[in-house]
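# Working through the structure, step by step
Below, each chain spelled out in residue letters.
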Amino acid sequence: MSSIKEKLKQEFLADVVLSETPKTITIITSQNAANLIDFLSKKNIDQINIYPDINNELSLQSDLYIVLEDANLNVSDIGTIKNVLSQKIIVFQSKNKNNINAKDLIKLGLQKEFESKKDGFHFYTYNLKTYNNKRDWNNPKGWANPENFNKFRW
């Protein structure tokens, strides 16, 4: 079962690395990540950092943060990564292995990319570039009927 999870991780990460071309990656995990590092090192990445958790001293900005399912993070930690340390995040979760609830991740703006109800494995992503796409109507000309300004009293 874990080999299926590893394959899913690698396929998804390969797509992200290919499309986003990050030069620095930070991985939050306390497990052995040798296979993941070996896989990522073949993808033209300049720097890969690994930390067991987020602490107050950690202020290392990276192009991509990867939070594996064994990481013991809370909502505040994910918010710190999202708002201060990186514009792209991938959070992998397994059933009952994380303090973070799926609703909290959605509230933070992360999107669910994959879910396996069978074994409880799922992952979420956040990318600032694609989070809030610019819309044609979202400009001053489209607000509150500008043709009626100075004609009617609201």
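Scroll up to find the structure.
Residues numbered from 1 in each chain as written. Predicted model: local features only at pLDDT ≥ 70, side-chain atom pairs only at ≥ 80, totals over all residues. Heavy atoms only, no water.

This part covers the layout of surface pockets. In this structure, the largest pocket spans a volume of roughly 220 Å³. Of all the secondary structure elements, the ones that give two or more residues to the lining of the largest pocket are α1 (2-20), β4 (88-93), β5 (111-116), β6 (121-127) and α5 (128-131). Ranked by residues supplied to the lining of the largest pocket, first place goes to α1 with four residues. Across the lining of the largest pocket, the residue classes tally to seven nonpolar, six polar and three charged. (1 Å grid on protein atoms, 1.4 Å probe; cavity = no way out; pocket = protein on both sides within 12 Å on 5 of 7 lines; lining within 4 Å. Points joined across faces, edges and corners; volume = space filled by probe spheres on them. Helix = DSSP H or I, 4+ residues; strand = E, 2+ residues; numbered from the N terminus. Nonpolar A, V, L, I, M, F, W, Y, C, P; charged D, E, K, R; others polar.)

On to the sheet that holds β4. Taking strand neighbours across the sheet as the criterion, the six strands line up as β2-β1-β3-β4-β6-β5 in an open arrangement whose pairing is mixed. Edge positions in the sheet fall to β2 (47-51) and β5, since each of these pairs with one other strand and no more. Pairwise comparison of adjacent strand axes, ignoring direction, gives a mean angle of 15° for this sheet. With five bridges connecting them, strand β1 (residues 24-28) and β2 associate as parallel partners. From the neighbouring strand, I25 faces β2, where its bridge partner is I48. (Pairing = 2+ DSSP bridges. Axes fitted to C-alpha atoms, helices over the stretch in contact; angles between N-to-C directions.)

Here we come to helix α2 (residues 34-41). Listed as buried for α2 are L36, F39 and L40. Projected down its long axis, α2 shows its buried positions confined to an angular sector of 95°, all on one face. (Buried < 20%, exposed > 50% of the residue type's maximum accessible area, 1.4 Å probe, protein only. Arc of directions from axis to C-beta.)

Turning our attention to the pairing of β4. The buried fraction of β4 is high, at six of six residues. Residues K88, I90 and F92 of β4 are buried on one face, and the alternating residues I89, V91 and Q93, pointing to the opposite face, are buried as well. Relative to β4, strand β3 (residues 64-67) runs parallel, the two being bridged by three bridges. Counted as the bridge partner of Y65 is I89 from β4. For the handedness criterion, the β-α-β arrangement of β3, helix α3 (residues 75-85) and β4 is classed as right-handed. Note: β4 against β6, six bridges, orientation antiparallel. (Right-handed = clockwise from strand over helix to strand, strands pointing away.)

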